[in-house]
Amino acid sequence: MLSFKMAFSHDILVKDLDGDALNDTVSLDRKHAKLLVRLSRQDYKKLHSLEIKNLSSSSSIDATKNGFEFHNDQMRDGYSCHFRFNPIEAKMQLIGMTRYNDGNAQLDGSGESSVNLLTGRYIGNWNYFDLKKQKLIKMATISQPFKMAPVYLDRFGDQIPEQYRTTCESHYTKNKPVSIN
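Given the structure is predicted, the values throughout are model-derived calculations rather than measurements.

> Please set out the pattern of salt bridges residue by residue, giving values where relevant.
Enumeration according to the criterion identifies four salt bridges in this entry. Across the pair Arg-165 and Glu-162 runs a salt bridge, and its minimum N-O distance is 2.2 Å. Of this pair, Arg-165 and Glu-162 both sit in helix α2 (residues 159-175), three residues apart, which is roughly one turn of that helix. A residue is classified by how much of its surface remains accessible, and Arg-165, at 23% relative accessible area, is partly exposed. Using a relative accessible area of 36% as the deciding quantity, one classes Glu-162 as partly exposed. One salt bridge connects Arg-165 with Glu-169, and the closest N-O pair in it is separated by 2.4 Å. With Arg-165 and Glu-169 both in helix α2 and four residues apart, this pair spans about one turn of that helix. One salt-bridge network, held together by shared partners, links Glu-162, Arg-165 and Glu-169.

What follows is the structure, given as structure tokens:
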């Protein structure tokens, strides 16, 4: 029974998310592959994300200072999405994402990045494997604008992290030296 509780201990978070001093809940609905939120300001009505088709068995929810973080880790890569209550819209808003990738067997393409959706800034720290030198090279930090319309929990699904992953790969490809092969 203890191991069952530990395996699912990061599926539910109880915390005041909407700033009214009453506990709210965030949970992972693994059966329907969705994030569920119940806010006290909205009479604990069930609010949910779109389906997260690539939800891994190691996905989890953790508390942050001003909201919660959803982690979705796969075999050699993964991402985290940071949500905070937007008092003007009275909704949970995606405010940032982080991503990591372990690259291939030579660690080519390995690294990590983050995007702050409130400031519209992308920061990437990536590596490539130089075949001539036979070593892993750290690329210069990539700092680029990242524009995205506000995303609220009810519009969050696989397409958001996928758009972020595509942006990371594009920045990596543009900044990777061409003459390494």
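This is not the end of the story, as more comes after the structure.
> I'd like to hear about the environment of Asn-127, residue by residue, with values.
By the secondary structure assignment, Asn-127 is in strand β10 (residues 121-130). C-alpha of Asn-127 to C-alpha of Asp-43: the two residues are 84 residues apart in sequence and 48 Å apart in space. Ignoring sequence-local partners within four residues, the contact set of Asn-127 consists of Leu-107, Asp-108, Gly-109, Ser-110, Gly-111, Leu-136, Ile-137, Lys-138, Met-139 and Tyr-172.

The rules behind these values
Residues numbered from 1 in each chain as written. Predicted model: local features only at pLDDT ≥ 70, side-chain atom pairs only at ≥ 80, totals over all residues. Heavy atoms only, no water. Salt bridge = Lys/Arg side-chain N within 4 Å of Asp/Glu carboxyl O. Helix = DSSP H or I, 4+ residues; strand = E, 2+ residues; numbered from the N terminus. Buried < 20%, exposed > 50% of the residue type's maximum accessible area, 1.4 Å probe, protein only. Contact = heavy atoms within 4.5 Å.

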